[in-house]
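# Overview (structure and organization)
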Amino acid sequence: MTLLATKNICIGFPSRHGMFVAVKDLSISVEPGEILGIVGESGAGKSTVGNAIISLLQPPGKVISGEVWFNGQRIDNLSVEQKRRLRGKKIGMIFQDPQTSLDPLKTIKQQLVETIDLHLRLGRKGSEQRAIELLEQVGIPDPKLRMLHYPHQFSGGMRQRVVIALALCGEPELIIADEPTTALDVSVQKQILDLLRKLCIEKNVGMILVTHDMGVIAEVTDRVAVMYNSQLMEIGVTQQILGNPQHPYTRSLISAIPRPDKRIERFPLVTYIEDVIEPEDEFDLSCHWLGRSRDFSMQVAEDGTILQVENLCMRFQISNSIFKSKRRYLDAVKQVNFSIKEGETFGIVGESGSGKSTIARMVTGLYQPYSGAVHFLGKEISAINHTPQVLAYRRQMQMVFQDPFSSLNARMRVMDIVAEPIMFHKLASSKEEAQQIVLDLLKLVGMSDDAYAKYPHQFSGGQRQRISIARALATRPRFLICDEPTSALDVSVQAQILNLLKDLQQELNLTMMFISHDLPVIRQMCDRVAVMQHGQILELAKTEQLFTDPQHSYSKHLLSLMPKLDMLTQRSQKTDLQALHG
Amino acid sequence: MFSFLVKRLLQSIVVLIAVALIAFSLFKFVGDPINNMVGQDTTLDEREALRERLGLNDPFHIQFYHFISNAAVGDFGISYRHKVPVSDLIAERAPATLELSIISALLSVIIGIPMGVYTAIHRSGFISRSFMGLSLVGISLPTFLIGILFIFLFGVILRWLPTFGRGEVVAIGWWTTGLLTWSGIKSLILPSITLALFQMTLIMRLVRTEMLEVLCTDYIKFARARGLKENAVNFGHALKNTLIPVITIIGLQLGLVMAFAIITETVFQWPGMGMLFIQSIEEVDVPVMAAYLMMISLIFVGINLLVDILYAYVDPRLTIDGGAKHG
């Protein structure tokens, strides 16, 4: 019997300007023991479906029409109290961010016992016993002791395990997992996905897995539904959809995923998306302000080295004490050495906490290194104290941050945001000239003219990241540091931004330091890669060499964790063959 | 924890000395205390002798040094006006003020928090809207006006409650209390409500805002997704998370309640420290003013320290030793 089925449901959010329809005419079904993936980009309405099934839509959202059937019973028209009884007991839910899904002020035990006792009525002792069993099942070592801890004492992956244990408290028949691994590292992602898969098989639980990540879909789902712009594009067996997509949207979405298996020059764009403005190269950069009057007075070393890092160390104090012996430190970066040649893209890859971003912050001067030296354009910039001198070097080096939502000042217009570095470094003679430069910069990164008078919140994530790039280019730097520039963005937008960075690098002869946890992206972008773990560089190699013949065991491990997109590869082989025959 | 306490205590001492310095130097400009102490027919010589005896001719830093070293052992000198030790005066008046401010602080917490929770949960209900409307009155009307309105309504028109004084008091050792007699309790009602009204509305609005924010968090959504009952979600999970910022404000407000008591005490002729302070200002009674200010700042500093310790108790993430983080 079908576990859950939605029949032509429409979900809407009434507002002053009429009804905003978030999901249109969606019909999906899940069988017991089956994992159904819902994939799509942000704003496609995929999370709304999950929330609607468990009736936790953010008010004033509601199901406008259609029916939801669970185990042969219609559930969308139940009373509030009846719906609450379903939640946790029949339908469980797992959210995206394990950092925020647990009540920070209660121990794991309190939260588990409360939920178990509510659903199973086992009493205090029984619930405690059950809680220990559950924690064991989700793979938390020493559950008896760990149970007494607070959420902040667990790592991200462990916390997500606790969240899963909590979702299992009522022994639900259906679990809705909303981006359960998006906030986690690759290695942890694999463990969590394996765990979910195992639970589905062992307990014959049905699951709806909402995600934007095709790799996750390929790895664990049985069937997949592709959503775009509030509508279902296609639904079917995962192999079929990924291997042989019928709908043009699915096809272009799949083509935009960075390929882990081979390097290609440019990312194919998701052509199905309407608001792409391809940068028109109307002006010739070589005679434009941006290209022309760049300051090349500071020479790179003879061998072309633009940045050299020697024995760089960073240590943070994690607990203070009057006694020196009792102070505890965290060595975030330990004895790191590398050099970057002009014009190349240098990648740093590693899991969270490996010290990647700390290096970037020390190179740009946001952190003062604990020891070691940063040489930039032949000068040890970490040792200069004289401000005007430092500024001259800093101007040559700019940074693009990960989160486009918090890296732009929300109270400034785009015009002022991009003009700020120009005015600060006095690179333009007048306000009018600066304004013209800003307009050109915005055009260069593919934004339309009317963008410059708007505020950041009026733009999407991808557009904001373009603005950040424009701001970074405004000082005419020679060296650009990109710290996870696309990890907060959708695949289609990621493809656009990465293409943009590649173009700009060629046109402006930029040197880039590219930090990412995403191996396929690294493969597409970088010339050389450093693999980091626990603050140390374990392997430094040419990109192709690393991907084809990794030397260090950790590199091998990381590469083995890359979601397998074999189905996609098969498809491309197939199309290659077709092309041959055709 | 220990090093934290030591650090905070040292900081507190610096704060207290700073307050003493500012207060003491200000009082040098409020007027000549001798004028108010002596009669019209006192000769210049006699005045000069008195001045010398009180140490008013010493240079400023010597006077300040005497003040600090005496204050450190609880000796604030002798009131110029009442001619009795300041510490006795304050000990006599303190119970009235402390009783009034603690009762009104309790009132504002006991009524303010549930009102805040209620208005956050039933955001657009009729009752919450009327609470919100009423709270505007509480925030915007000045205390003395509310006090006078209360006196007019309950004292003059309805004649239900007394409008001035503490009523009958019972002495327990040096402490005098009005809580044990009917007339004492009746006298306490109007001033404590007047004093509490502002804090109550403030706490209500703060709890409401914080609660609304907490109700939008993922862990509340996850608690709902586990099927927990509304009450368990609202009071078990949401309220506790709301309390952290609320504790800070309540702590600060408790100090303010005592300071604000000046106005309420004046309006209701309440024989507390505030009244004493106002009278001392009129009479340029420097020792009393200095002692009062020192006491208020001591209370502020003490409450702040208490709030910091409470924090660590409520929020496990803030344990000062920082519980070992496990993988």
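Sequence order as written defines residue numbering, which begins from 1 separately in each chain. Numbering of ligands from 1 and lettering of chains from A proceed in the order in which they are written. Given that this is a predicted model, residues contribute local features only at a pLDDT of at least 70 and side-chain atom pairs are listed and counted only at 80 or more, while totals for whole chains, interfaces and linings are drawn from all residues.

### Notes on the overall build of chain A
The line we're drawing: Every helix listed is a DSSP run of H or I at least four residues long, and every strand listed is a run of E at least two residues long, numbered separately from the N terminus. Field definition: a residue is buried when 20 or more other C-beta atoms are found within 10 Å of its C-beta, exposed when 12 or fewer are, and partly exposed for counts in between, with C-beta atoms placed from the backbone. Contact between two residues is assigned whenever their backbone-derived C-beta positions fall within 7 Å.
Along its length, chain A carries 21 helices and 20 strands. The principal-axis extents of the C-alpha atoms in chain A amount to approximately 75 × 65 × 55 Å. Every one of the 582 residues in chain A was classed for burial, and the buried ones make up 44%. Restricting the contact set of chain A to residue pairs at least 6 apart, pairs at least 24 apart contribute 69%.

### A look at the overall build of chain B
Summing up its helical and strand segments, chain B has 12 helices and two strands in all. For chain B, the sequential pattern of α-helices and β-strands runs α-α-α-α-α-α-α-β-β-α-α-α-α-α. Viewed in the frame of its principal axes, chain B has a C-alpha envelope of about 85 × 60 × 35 Å. Within the span of chain B, comprising 327 residues, buried residues form 33% of the whole. For chain B, contacts bridging at least 24 residues in sequence account for 71% of all contacts bridging at least 6.

### A look at the packing of helix H5 (residues 86-121) of chain B against helix H12 (residues 286-314) of chain B
Residue and element names in this part refer to chain B. The line we're drawing: Here, axes are lines fitted to C-alpha atoms. For helices the fit covers the stretch in contact, and angles between N-to-C directions go from 0 to 180 degrees. Any angle between 65 and 115 degrees counts as roughly perpendicular, while under 35 counts as roughly parallel, over 145 as roughly antiparallel, and the rest as oblique. The sense of a crossing depends on the near helix, which, turned anticlockwise from the far helix by less than a right angle, makes the crossing left-handed and, turned clockwise, makes it right-handed. Under the scheme applied, nonpolar residues are Ala, Val, Leu, Ile, Met, Phe, Trp, Tyr, Cys and Pro; charged residues are Asp, Glu, Lys and Arg; polar residues are all the others, including Gly.
Between H5 and H12, the shortest axis-to-axis distance is 10 Å and the interhelical angle comes to 55°. It follows that H5 is oblique to H12 by the angle criterion. Helix-helix and strand crossings are classified by hand; for H5 and H12 the assignment is right-handed. Seen from H5, the contacting residues are Val 86, Leu 89 and Ile 90; seen from H12, they are Pro 287, Val 288, Ala 291 and Met 295. Here the contact of H5 with H12 is composed, by residue class, of seven nonpolar, no polar and no charged.

### Some details on unusual backbone geometry
Residue and element names in this part refer to chain A. The residue Asn 204 is not glycine, and still its phi comes out positive at about 55°. Tracing the backbone through its elements, the reader meets Asn 204 in the loop between helix H7 (186-203) and strand E8 (206-211). Given 13 C-beta atoms within 10 Å, Asn 204 falls into the partly exposed group.

### Side note on the sheet that holds strand E9 (residues 223-228) of chain A
Two modes of strand pairing occur in sheets, parallel and antiparallel, and in both the strands are linked by backbone hydrogen bonds. Residue and element names in this part refer to chain A. Here is the rule: Paired strands, in this sense, are two strands between which DSSP finds at least two bridges.
Spatially, the six strands line up as an open sheet ordered E6-E7-E8-E3-E9-E10, and their pairing is mixed. The open sheet terminates on both sides in strands that have one partner only, identified here as strand E6 (91-94) and strand E10 (231-237). Between one strand axis and the next, the sheet turns through 15° on average, direction left out of account. Relative to E8, strand E3 (residues 35-39) is paired through five bridges, and the arrangement is parallel. Considered in E8, the bridge of Ile 38 is made with Val 210.

### So, the interface of chain B and chain A
Counting residues at the interface gives 25 residues for chain B, matched by 31 residues for chain A. Looking at which element gives the most residues to the side of chain B that touches chain A, the answer is helix H9 (residues 218-225) of chain B, with seven residues.

### A look at the confidence of the model for chain B
Residues and elements named next belong to chain B. The cut-off we apply is this: pLDDT gives the predictor's per-residue confidence on a scale running from 0 to 100.
Summary statistics for chain B give a mean pLDDT of 82 and a share of 96% for residues scoring 70 or more. By mean pLDDT, the top-scoring element of chain B is H9 (90), and the lowest-scoring one is helix H2 (residues 33-37) (70). The low-confidence segment residues 320-327 (pLDDT under 50) makes 10 contacts with residues lying over four places distant or belonging to another chain. Predicted complex, confidence summary: ipTM 0.74, pTM 0.77.

### Details of the nonpolar core
Rules: In plain words, the nonpolar core is the set of buried Ala, Val, Leu, Ile, Met, Phe, Trp, Tyr and Cys residues that C-beta atoms within 7 Å link up.
Counting 218 residues, the largest nonpolar core has Val 418 and Leu 441 of chain A as its most contacted members. Looking at this core, the element that brings in the most residues is helix H8 (residues 182-215) of chain B, giving 15 residues. Once residues lying within four places of it in the same chain are set aside, the contact partners of Leu 441 of chain A are Val 418, Ala 470, Leu 473 and Ala 474 of chain A.

### Section: helix H17 (residues 491-508) of chain A
Residue and element names in this part refer to chain A. Note the cut-off: Under the convention used throughout, the expected extent of a helix is 1.5 Å for every residue step, that is, one less than its residue count.
Compared with an ideal rise of 1.5 Å per residue, which puts 18 residues at 26 Å, H17 spans 25 Å between its outermost C-alpha atoms and is within 8% of the ideal. Listed in full, the buried residues belonging to H17 are Val 491, Ser 492, Val 493, Gln 494, Ala 495, Gln 496, Ile 497, Leu 498, Leu 501 and Leu 504. Tucked into the core, H17 has its buried residues touching helix H10 (248-255), helix H16 (461-473), strand E17 (479-483) and helix H18 (519-525). Positive phi shows up at Asn 509, right after H17, with a value of about 55°.

### Re the sheet that holds strand E2 (residues 18-30) of chain A
Residues and elements named next belong to chain A. Taken in spatial order, the four strands make up an open sheet running E2-E1-E4-E5, and their pairing is antiparallel. A strand with exactly one partner marks an edge of an open sheet, and here the two such strands are E2 and strand E5 (73-74). In terms of strand pairing, strand E1 (residues 4-15) meets E2 through nine bridges, oriented antiparallel. By the bridge assignment, Ile 9 is partnered in E2 with Leu 26.

### Let's talk about the environment of Val 15 of chain B
Residues and elements named next belong to chain B. Among the structural elements, Val 15 can be located in helix H1 (residues 2-27). For the pair Val 15 and Phe 27, spaced 12 residues apart in sequence, the C-alpha to C-alpha distance is 18 Å. Non-local contacts of Val 15, meaning those with residues more than four positions away in its chain, are made with Ser 297 and Val 301.

### Notes on the environment of Met 132 of chain B
Within the fold, Met 132 of chain B resides in helix H6 (residues 126-140). Considering only alpha carbons, one finds Met 132 of chain B and Ala 96 of chain B, 36 residues apart in sequence, at a separation of 32 Å.

### Remarks on the pairing of strand E7 (residues 174-178) of chain A
All names here are of chain A. Applicable threshold: The definition of a right-handed crossover adopted here requires that, viewed with the strands pointing away, the path from the first strand over the helix to the second runs clockwise.
Burial analysis of E7 places five of its five residues in the buried class, the great majority of the element. In E7, alternate side chains face the same way, and those of Leu 174, Ile 176 and Asp 178 on one face and Ile 175 and Ala 177 on the other are all buried. Of the pairings in the sheet, the one linking E6 to E7 comprises four bridges and is parallel in character. Pairing of Ile 94 across the sheet is with Ala 177, part of E7. Relative to E8, E7 is paired through five bridges, and the arrangement is parallel. Among the inter-strand pairings, Ile 175 is bridged to a residue of E8, identified as Met 207. Taken together, E7, H7 and E8 form a β-α-β motif whose crossover is right-handed.

### Here's the deal with the pairing of strand E4 (residues 62-70) of chain A
Residue and element names in this part refer to chain A. The sheet contact formed by E1 and E4 spans seven bridges and is antiparallel. Residue pairing for E4: Ile 11 is matched across the bridge by Val 63. Note that E4 and E5 share two bridges and pair antiparallel. Across the sheet, residue Phe 70 finds its bridge partner in E5, namely Gln 73. Connecting E4 to the antiparallel partner E5 that follows it, the hairpin turn spans two residues, and Asn 71 within it adopts a positive phi of roughly 50°.

### Thoughts on the packing of H1 of chain B against helix H4 (residues 60-72) of chain B
All names here are of chain B. Contact pair H1 / H4: the axes reach a minimum separation of 11 Å and the direction vectors enclose 130°. When the axes of H1 and H4 are compared, the pair comes out oblique. The chirality of how H1 crosses H4 is right-handed. Here Ala 20, Leu 21 and Phe 24 of H1 lie close against H4, whose contacting residues are Phe 64, Phe 67, Ile 68 and Ala 71. Its residues assigned to classes, the contact of H1 with H4 comprises seven nonpolar, no polar and no charged.

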